[in-house]
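Coordinate inspection notes
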Amino acid sequence: SQRIKIKALLQTEPAGQEVNVKGWVRTFRNNQFIALNDGSTNSNIQIVVDFQNTDEALLKRITTGAALSVTGTLVASLGKGQAVDIKATTIEVLGDSDPEKYPLQPKKHSLEFLREIAHLRFRTNTFGAIFRVRNSLSFAVHTFFQERGFVYLHTPVITASDAEGAGEAFKVTNLDLNNPPRTESGEIDFKQDFFGRATNLTVSGQLEGELGAMALSDIYTFGPTFRAENSNTTRHLAEFWMIEPEMAFYDLADNMDLAEALLKYVISYALEHNREDIEFLTQRLTEEDKSKPQQERQEMTLLEKLQFCLDNDFERLTYTQAIDILKDSTPNKKKKFQYLIEGWGADLQSEHERYLVEKHFKKPVILTDYPKEIKSFYMRQNDDGKTVAAMDILFPGIGEIVGGSQREERLERLEQRMDEMGIPKDELWWYLDTRRFGGCPHAGFGLGFERLVLFVTGMGNIRDVIPFPRFPKNAEF
Ligand code: ATP
Ligand code: MG
Ligand code: MG
Ligand code: MG
């Protein structure tokens, strides 16, 4: 009989039909039932073994972690947990697993331990749930844009520009750096590189995305992004995925509306398609919470938090209004925020962002119109001469999840800003051409995909929501 995934099987009426499942043994405790899992759901299928007619040598090989193929009849369950069991007629061991050496025991492991065996953590309920949610979210991102007629434009991974000039780009070269060709003045001669120049891994697909939007109207890119920044935080990775839409004829308000609609759409998609996984993660967090002191416990469960996010408009205010709130706030009894001293003009730290979201408004917040000094050269300058049409979306427990803006479409203003900031205009001649020939109002944003997965799964560390995390001193496989 043909293999059936366990998720589908658990929704089938048991009527004595013959079925086949394949998966990995979670437990075979007291040699009673085999709990088998194939990753399609956190629920295991129970295999009832006929001991009398099963070879002893075979029984010995049914150990935690072993891969099995089981054929049998689907019957009403003897246990409480679920509706169906399989009464095995044939069990075949496809791959043995030495129980003495298998690192995953049938018990709860700490996330730190699981990070050390990241190659096997997919086999736990927690990571099974996380990566199924991640999968759904990425699918929903495409559905959202495709339904709205956006074109998925693949921007390059290897680029020549370090868009923001932040010096965070990983260099790419095929030169032998142990013995590189040198120019007369002794510098590495990148003219002899494969591309005939220095290149790096993309830090953002935005500038290329703008080229697409200036012809196709609405585009998005969704791919890996690389930053050689200090990623020793719970919110930064050296390799992360970013969703970057870019829309012609959009202003800042249109941009905010689209970002809010996207976030709500993908969260509600996950709630609908991954209910079981999100309930599992909610349960996990609630248990974790019980061991914490009262004041550190969550006010809402994960499920409530997600639903709340869908049911409420995001709060929209300007950077200046936010500073006024922060000035008057006392985050804890001892100190007020530094802004009393520093005042208007400084970038917000994540503690300020989280104060606004978690303590003051208690919901997602969109901050707009930041001081131009702390934002990128391509953001559209406001008439006050001090601020730009930027927007950041801040989420509870996360801080910044989206960064975006209306773009500066006026060539003169753009060039003047590039000069002020020391951005080389000759290198970005192709970018400036979009303003020379039919430049028009447009806007876009970047949504950090892992920060979104963090929010929806309720996890606390970004390294736990990407299958193969890249961070300083870590690139095992
Ligand atoms: P942050 O202030 O948190 O460092 P940023 O302002 O440097 O973020 P942007 O350049 O605005 O980031 O990038 C757009 C989005 O990409 C951010 O809002 C965030 O969601 C995500 N992001 C940025 N850097 C990282 C990173 N190192 N790891 C994971 N996600 C990131
Ligand atoms: Mg940053
Ligand atoms: Mg930021
Ligand atoms: Mg940002």
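Conventions we followed
- Residues numbered from 1 in each chain as written.
- Chains lettered and ligands numbered in written order.
- Predicted model: local features only at pLDDT ≥ 70, side-chain atom pairs only at ≥ 80, totals over all residues.
- Helix = DSSP H or I, 4+ residues; strand = E, 2+ residues; numbered from the N terminus.
- Buried ≥ 20, exposed ≤ 12 C-beta atoms within 10 Å, placed from the backbone.
- Contact = placed C-beta atoms within 7 Å.
- pLDDT = per-residue confidence, 0-100.
- Pairing = 2+ DSSP bridges.
- Axes fitted to C-alpha atoms, helices over the stretch in contact; angles between N-to-C directions.
- Parallel < 35°, antiparallel > 145°, perpendicular 65-115°, else oblique.
- Left-handed = near helix turned anticlockwise from the far one by under 90°.
- Nonpolar A, V, L, I, M, F, W, Y, C, P; charged D, E, K, R; others polar.
- Domains from an automatic or database assignment.
- Near = placed C-beta within 6 Å.
- Core = buried A, V, L, I, M, F, W, Y, C linked by C-beta atoms within 7 Å.

1. Here we look at the overall build of the protein
Counting secondary structure elements, the protein contains 14 helices and 16 strands. Relative to its 477 residues, the protein shows a buried fraction of 38%. In the protein, 69% of the contacts between residues at least 6 apart in sequence involve partners at least 24 apart.

2. Remarks on the confidence of the model for the protein
The pLDDT averaged across the protein works out to 92; a share of 96% of its residues lies at or above 70. Two summary scores accompany this predicted model of the complex, namely pTM at 0.95 and ipTM at 0.99.

3. A few points about the sheet that holds strand E10 (residues 218-226)
Overall, mixed pairing links the eight strands, which are arranged E6-E10-E11-E16-E15-E14-E13-E12 in an open sheet. Of all the strands in the sheet, the pair left with one neighbour each is strand E6 (151-152) and strand E12 (315-318). Across the sheet, helix H6 (residues 252-273) lies against strand E11 (239-248), E12, strand E13 (365-371), strand E14 (387-395), strand E15 (399-406) and strand E16 (442-448), angled at about 30° from E16, the strand it touches most.

4. Examining the packing of helix H4 (residues 125-147) against helix H14 (residues 449-457)
Relative orientation of the contacting elements H4 and H14 amounts to 125°, with a least axis distance of 10 Å. The angle between H4 and H14 places the two elements in the oblique class. Regarding H4 and H14, the two cross each other, and that crossing is right-handed. When H4 is examined against H14, the residues Ile130, Val133, Arg134 and Leu137 are found in contact with a partner set consisting of Leu452, Val453, Val456 and Thr457. Broken down by class, the residue content of the contact of H4 with H14 amounts to six nonpolar, one polar and one charged.

5. Regarding the environment of Met256
By secondary structure assignment, the location of Met256 is in helix H6. Separated by 168 residues in the primary sequence, Met256 and Ala88 have C-alpha atoms spaced 56 Å apart. Excluding its chain neighbours within four sequence positions, the residues that come into contact with Met256 are Arg316, Ile366 and Met391.

6. Overview of the domain arrangement of the protein
One can read the domain layout of the protein as domain 1 (6-106) and domain 2 (125-168 + 203-464). One C-alpha centre belongs to domain 1, the other to domain 2; they are set 44 Å apart.

7. Some points on the site of ligand 1
The environment of ligand 1 is made up of 16 residues, and the closest members are His236, Phe240, Gly403, Gly446 and Gly448. Secondary-structure elements contributing two or more residues to the shell around ligand 1 are E11, E15, E16 and H14. Ranked by residues supplied to the shell around ligand 1, first place goes to E15 with four residues. A class-by-class count of the residues in the shell around ligand 1 yields five nonpolar, five polar and six charged.

8. A closer look at the pairing of E10
The element E10 is extensively covered by neighbouring structure, given that seven of its nine residues are classed as buried. The sheet contact formed by E6 and E10 spans two bridges and is parallel. Paired with Tyr152 across the two strands is Tyr220, which belongs to E10. When E10 meets E11, the two strands line up antiparallel, connected through nine bridges. Among the inter-strand pairings, Pro224 is bridged to a residue of E11, identified as Trp241.

9. Focus on the sheet that holds strand E9 (residues 199-201)
In space, the three strands of this open sheet follow the order E7-E9-E8, with antiparallel pairing throughout. In this open sheet, the two strands that pair with only one neighbour each are strand E7 (158-159) and strand E8 (171-172). Note: E7 against E9, two bridges, orientation antiparallel. Following the sheet pairing, Thr159 is matched in E9 by Asn200.

10. A short note on the packing of H4 against helix H7 (residues 275-290)
It is at 9 Å that the axes of H4 and H7 come closest, and there the two elements cross at 135°. Judged on the interaxial angle alone, H7 and H4 are oblique. Crossing handedness for the pair H4 and H7: left-handed. Here H4 contributes Asn125, Thr126, Ala129, Arg132 and Val133 to the contact with H7, which in turn contributes Asp277, Ile278, Phe280, Leu281 and Arg284. For the contact of H4 with H7, a count of residues per class yields five nonpolar, two polar and three charged.

11. Observations regarding the nonpolar core
Taken as a class, soluble globular proteins show a tendency for nonpolar side chains to be buried jointly. Judged by nonpolar contacts, the single largest core of 79 residues is most densely connected at Val266, Leu452 and Val456. At nine residues, the largest contribution of residues to this core is made by H6. What Leu452 contacts, discounting residues up to four positions off in sequence, is Leu137, Val266, Ile401 and Leu447. Within the second largest apolar cluster, 22 residues are counted, among which are Ile6, Leu36, Val49 and Val70.

12. Focus: the pairing of strand E3 (residues 45-48)
Consecutive side chains of a regular strand alternate in pointing toward one face of the sheet and then the other. Residue alternation in E3 divides its side chains into a buried set, Ile45 and Ile47, and an unburied set, Gln46 and Val48. In this sheet, E3 lies alongside strand E2 (residues 33-37) in antiparallel orientation, the contact comprising four bridges. Residue Ala35 lies in a different strand from E3, and its bridge partner there is Gln46. In the sheet, E3 pairs with strand E5 (residues 84-95) via three bridges, with the strands oriented parallel. By the bridge assignment, Val48 is partnered in E5 with Lys87.

13. A look at unusual backbone geometry
Even without being a glycine, Ser217 presents a positive backbone phi close to 70°. Mapping Ser217 onto the fold places it in the loop between helix H5 (206-216) and E10. You can call Ser217 partly exposed: it has 17 C-beta atoms within 10 Å. We note that Phe249 has phi near 65°; this positive angle belongs to a residue other than glycine. Relative to the helices and strands, Phe249 resides in the loop between E11 and H6. A residue is classified by how many C-beta atoms lie within 10 Å of it, and Phe249, with 12 of them, is exposed.

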